[in-house]
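Residue strings, one per chain:
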Amino acid sequence: MKMSVIGCGYLGAVHAAAMASLGHDVVGIDVDAAKIEALAAGRAPFFEPGLPELLTADHETGSLRFSTDVSEITGSAVHFIGVGTPQRRDGNGADLQYVDAAVESLLPHLSPGDLVVGKSTVPVGTAERLAALIEPTGAELAWNPEFLREGFAVKDTIEPDRLVYGVRSDRAVEILDQVYAQALSTGTPRLVTDFPTAELVKTAANAFLATKISFINAMAEIAEATGADVTQLADAIGHDVRIGRKFLNAGVGFGGGCLPKDIRAFSARAEELGRGESVAFLKEVDAINLRRRRRVIDLVTDALGGSAYNKRVAVLGLAFKPDSDDIRDSPALDVAVQLHGLGADVVAWDPEAVDNARRLHPQLGYADDLDGVLAGAEAVVLVTEWKQFRELDPAKTAEAVASATIVDGRNVLDPQEWRAAGWTYQGLGRP
Ligand code: UGA
């Protein structure tokens, strides 16, 4: 099928490349000329495992083009909207300016029978509003939320665990079935819904995941007051298949371009609908999450004898999670910035996110590699659980630092092993 993808960020670029790899003829559109230039040359403009290989292969088959000119979508029958919906600057709601601009830019180029497919995460009610703009052109709208995780985006796009079609006609279902023919042929569950249900599926899924993480972080707070170990607690309750062990890792909490802004946008939308109290708990979910950052900072300060001022602190990790260079609302970067604000001599390192962090926070100290970040540290704080950090050897690491003191903000190190090697180890919600 001939298709276009509007927006070439973490969602759109991966979607475009994945669709092309499935045999579709794809054009990706973005207003960011530098991004389009990189993608057109077969280079990924951000770190995402598997994306460079996909872009190179698509480049060779000629099935994927990129352009800043939206008129290039002419000839495509399906147009995906994959632009961002960040938090508004003036409140908690979602900023829909990019979605609105994408639809506005599409309108003059749509032909009767075209299908516009929204993938961006939007407040419930948005699709109905956009359909009123699109339908007069003779084109149709569908809402088809995306559930990809950064770091696994390629796999999640090609082999999704479910497909959700919010539609108004059987024809839209038929077109989407052609788009996703490969995934459907392997038995991927497909749910056909109306617009509000499709929009809410995405919002509800992210709200649930955020709640699950904050639940275990709340248990970590209780564990801290009682001497219990939250990692053992998570293992034990996780054996109950109704609960499940995934997303029960207590630590410095969730961040990124999705969960934090999505729970806030959900609260804001529910309030508009007069149902604020239905999701009032999401404010608590947010508050618990932000408290864990404070807790990590307090542990580092305590480990340094009550003040971080002028103390060399090694911050391991800047990305909001491993296998990503994304620093949007990253707990790791927030911890580094707050420690710097307390007067600490912060030196941070991340395998992929240093350049992004430096652009946003040039005031922090950055190392070039793992040896550089550890050298002379009076305290070490692990805040993104990259493999390089999970596999650190405690004895060798002790030789690199000035003081063998570590705060494990992701609970990924073995406390016994580290203590046996002479470290003062402190996790979150662990004795
Ligand atoms: C999230 C959802 O998982 C995806 O399904 C969704 O498609 C995506 O948002 C989106 O809306 O686009 P992502 O933001 O890539 O995906 O990251 P997650 O893997 O969900 O992790 C989010 C944060 O939670 C990270 O900071 C991670 O470190 C943290 N986390 C995760 C924990 O603190 N504990 C856990 O047990 C799991």
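Residues numbered from 1 in each chain as written. Predicted model: local features only at pLDDT ≥ 70, side-chain atom pairs only at ≥ 80, totals over all residues. Heavy atoms only, no water.

A. Fine view of the overall build of the protein chain. Along the backbone of the protein chain there are 18 helices and 14 strands. Its C-alpha radius of gyration of 23 Å places the protein chain within 12% of the 22 Å reference for a compact globule of 431 residues. Here the protein chain, with 431 residues, has 53% of them falling under the buried criterion. Taking contacts inside the protein chain between residues at least 6 apart in sequence as the whole, the part at least 24 apart equals 72%. Accessible area for the protein chain stands at about 18400 Å²; split by element, carbon and sulfur atoms hold 53% of it. Here the protein chain contributes 41 positive and 61 negative side-chain charges, whose respective centroids are spaced 3 Å apart. (Helix = DSSP H or I, 4+ residues; strand = E, 2+ residues; numbered from the N terminus. Rg over C-alpha atoms; globule rule 2.2 N^0.38 Å. Buried < 20%, exposed > 50% of the residue type's maximum accessible area, 1.4 Å probe, protein only. Contact = heavy atoms within 4.5 Å. Areas by Shrake-Rupley, 256 points an atom, 1.4 Å probe, with all protein chains shown as cover. Lys, Arg positive; Asp, Glu negative; His and termini not counted. Charge placed at Lys NZ, Arg CZ, Asp CG, Glu CD.)

B. Seen up close, helix α3 (residues 51–61). Turning to α3, its buried residues are Leu 51, Leu 54, Leu 55 and Asp 58. Taken end-on, α3 shows its buried residues confined to a sector of 100°, consistent with a single buried face. Away from its buried face, by an angle of more than 90 degrees, α3 presents the exposed residues Glu 53 and Glu 60. Looking at the buried residues of α3, the elements they touch are α1 (12–21), α2 (33–40), β3 (64–67) and α6 (153–158). In the segment just after α3, Gly 62 is the residue with positive phi, at about 75°. (Arc of directions from axis to C-beta.)

C. Quick peek at the side chain of Arg 410. Turning to its location among the elements, Arg 410 is positioned in the loop between β13 (405–408) and α18 (415–420). Looking at Arg 410, its side chain comes within polar contact range of the main-chain oxygen of Gly 253, at 3.3 Å. Residues contacting Arg 410, with those up to four places away along its chain left out, are Ala 250, Gly 251, Val 252, Gly 253, Phe 320, Pro 331, Leu 382, Val 383, Thr 384 and Glu 385. (Polar contact = N/O pair within 3.5 Å; in protein donor to acceptor, adjacent residues only side chain to side chain.)

D. Here's a closer look at the packing of aromatic side chains. Enumeration over the complete set of coordinates arrives at five aromatic pairs. Positioned over the ring face of Phe 147 is Arg 162, at 3.5 Å from the centre of the ring. (Phe/Tyr/Trp six-rings, centres within 6.5 Å; stacked < 30°, edge-to-face > 60°. Lys NZ or Arg CZ within 6 Å of the ring centre and 35° of its normal.)

E. Local environment of the sheet that holds strand β12 (residues 379–382). The sheet built from six strands is open, its strands ordered β11-β10-β9-β12-β13-β14 with parallel pairing. Edge positions in the sheet fall to β11 (365–366) and β14 (424–426), since each of these pairs with one other strand and no more. In the sheet, β13 pairs with β14 via three bridges, with the strands oriented parallel. Note on β14: the bridge partner recorded for Ile 406 is Tyr 425. (Pairing = 2+ DSSP bridges.)

F. Geometry of the domain arrangement of the protein chain. Considered domain by domain, the protein chain is made up of domain 1 (2–192), domain 2 (202–286) and domain 3 (292–426). Centre-to-centre, using C-alpha coordinates, domain 1 lies 37 Å away from domain 3. On the side of domain 3, nine residues touch domain 1, which itself brings seven residues to the contact. Here domain 1 is connected to domain 3 by one salt bridge. In the side of domain 1 that touches domain 3, the residues fall into four nonpolar, one polar and two charged. (Domains from an automatic or database assignment. Salt bridge = Lys/Arg side-chain N within 4 Å of Asp/Glu carboxyl O. Nonpolar A, V, L, I, M, F, W, Y, C, P; charged D, E, K, R; others polar.)

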